[in-house]
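Summary of structural features
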Amino acid sequence: GNSVTQMEGPVTLSEEAFLTINCTYTATGYPSLFWYVQYPGEGLQLLLKATKADDKGSNKGFEATYRKETTSFHLEKGSVQVSDSAVYFCALSFPTSGTYKYIFGTGTRLKVLA
Amino acid sequence: EPEVTQTPSHQVTQMGQEVILRCVPISNHLYFYWYRQILGQKVEFLVSFYNNEISEKSEIFDDQFSVERPDGSNFTLKIRSTKLEDSAMYFCASRQGTSGYNEQFFGPGTRLTVL
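All of these numbers come straight from a predicted model, not from anything done at the bench. (Residues numbered from 1 in each chain as written. Chains lettered and ligands numbered in written order. Predicted model: local features only at pLDDT ≥ 70, side-chain atom pairs only at ≥ 80, totals over all residues. Heavy atoms only, no water.)

Once that is clear, we can look at the sheet that holds strand β8 (residues 62-65) of chain A. All names here are of chain A. Spatially, β3-β9-β8-β7 is the arrangement adopted by the four strands of the open sheet, whose pairing is antiparallel. The open sheet is flanked by β3 (19-21) and β7 (56-59), the only strands paired with a single partner. Direction aside, the axes of adjacent strands within the sheet are offset by 15 degrees on average. Sheet analysis places β8 next to strand β9 (residues 75-77), joined by three bridges and oriented antiparallel. Looking across to β9, one finds that Phe 62 is bridged to Lys 77. (Pairing = 2+ DSSP bridges. Helix = DSSP H or I, 4+ residues; strand = E, 2+ residues; numbered from the N terminus. Axes fitted to C-alpha atoms, helices over the stretch in contact; angles between N-to-C directions.)

Inspection of every chain in the model, using the stated rule, returns two disulfides over all chains. Shown here is the disulfide that connects Cys 23 of chain A with Cys 90 of chain A, its sulfur atoms set 2.0 Å apart. Residues Cys 23 of chain A and Cys 90 of chain A share a disulfide whose torsion about the S-S bond is about -70 degrees; that sign makes it left-handed. One end of the pair, Cys 23 of chain A, is in strand β4 (residues 23-26); the other, Cys 90 of chain A, is in strand β10 (residues 86-96), and 67 residues separate them in sequence. Residue classification places Cys 90 of chain A among the buried residues on the basis of a relative accessible area of 1%. The partner cysteine of Cys 23 of chain B in its disulfide is Cys 92 of chain B, sulfur to sulfur 1.9 Å. Taking the torsion about the S-S bond as the criterion, the Cys 23 of chain B to Cys 92 of chain B disulfide, at about -65 degrees, is left-handed. Of the two residues, Cys 23 of chain B sits in strand β3 (residues 19-24) while Cys 92 of chain B sits in strand β9 (residues 88-95), which places them 69 residues apart along the sequence. Of the two residues, Cys 23 of chain B and Cys 92 of chain B, both sit in the buried class. (Disulfide = S-S within 2.5 Å. Buried < 20%, exposed > 50% of the residue type's maximum accessible area, 1.4 Å probe, protein only.)

If you add up the space inside the largest pocket, you get close to 450 Å³. What lines the largest pocket is a set of 22 residues, among which Gln 38, Val 87 and Arg 109 of chain A together with Gln 37 and Gly 40 of chain B lie closest to the centre. Elements with a contribution of two residues or more to the lining of the largest pocket: β10 and β12 (108-113) of chain A. Per-element accounting of the lining of the largest pocket gives the leading share, three residues, to β10 of chain A. In the lining of the largest pocket, the residues fall into nine nonpolar, nine polar and four charged. The computed volume of the second largest pocket comes to approximately 330 Å³. (1 Å grid on protein atoms, 1.4 Å probe; cavity = no way out; pocket = protein on both sides within 12 Å on 5 of 7 lines; lining within 4 Å. Points joined across faces, edges and corners; volume = space filled by probe spheres on them. Nonpolar A, V, L, I, M, F, W, Y, C, P; charged D, E, K, R; others polar.)

Our next topic: the nonpolar core. With 28 residues, the main nonpolar core has Leu 19, Trp 35, Leu 47, Leu 48, Phe 73, Leu 75 and Tyr 88 of chain A as its most contacted residues. Broken down by secondary-structure element, the contributors of at least two residues to this core are β2 (11-14), β3, β4, β5 (32-38), β6 (45-50), β8, β10 and β12 of chain A. Once residues lying within four places of it in the same chain are set aside, the contact partners of Phe 73 of chain A are Cys 23, Leu 33, Phe 34, Trp 35, Leu 48, Lys 49, Ala 50, Ala 64, Thr 65, Tyr 66 and Cys 90 of chain A. The next biggest cluster of nonpolar side chains, apart from the first, holds 22 residues, and it includes Val 19, Trp 34, Phe 61 and Ala 88 of chain B. (Core = buried A, V, L, I, M, F, W, Y, C linked by side-chain atoms within 4.5 Å. Contact = heavy atoms within 4.5 Å.)

Structure representation (structure tokens):
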């Protein structure tokens with residue numbers, strides 16, 4: 001079946017450090033891939049997305065490339081800020097029963113220290 | 001920018017009581033979803049709804065759960081007899097559906113606490 005595997009957290013970094021959060025997926029067909037961010041006490045916000053192989057999603061300095069050959073969608077940022085502290089969820093979307101369903105990873109908590 | 005809204009932001013109830021969680025999806029969206037997130041765990045799909053009927057539901061969505069679109073704007077999730085394990089954050093989402101793209105837009109969530 002379809003699934004998403006995310007690296008375990010928490011991840012603690014100093015400000016301006018490089019960030020990688022690994023995400024791999026298992027899916028039949030060609031899912032769309034997403035990263036969502038959840039700030040403390042808030043809901044899920046779309047961070048970036050990619051709909052087909054080799055697409056690169058980017059937003060707010062974050063990037064992720066849809067790699068079909070390695071079934072991965074790793075999130076990266078060159079220089080993190082304290083304000084990036086949040087939980088990050090990798091998700092895939094696939095068609096089912098006439099609609100699209102999301103499957104989320106377990107989430108990775110990021111803490112950035114000043 | 002249009003957004004999905006949810007009320008209440010926090011609901012506290014006694015075990016066995018009925019609760020109704022409310023959502024107002026984005027106005028031109030056609031597909032609606034409920035997800036839940038037990039504290040510290042992953043976000044789990046509950047149900048999808050289109051054209052006034054359920055299109056898919058997960059094994060979590062048992063007979064205690066129901067969804068309804070009572071008018072042109074609201075989308076509700078009802079839990080008939082709450083259990084302690086229903087305590088979670090419940091997210092509503094909507095999707096436009098008329099384009100080829102399948103992004104879902106999420107509301108801020110309702111935190112349900114069952115005592």
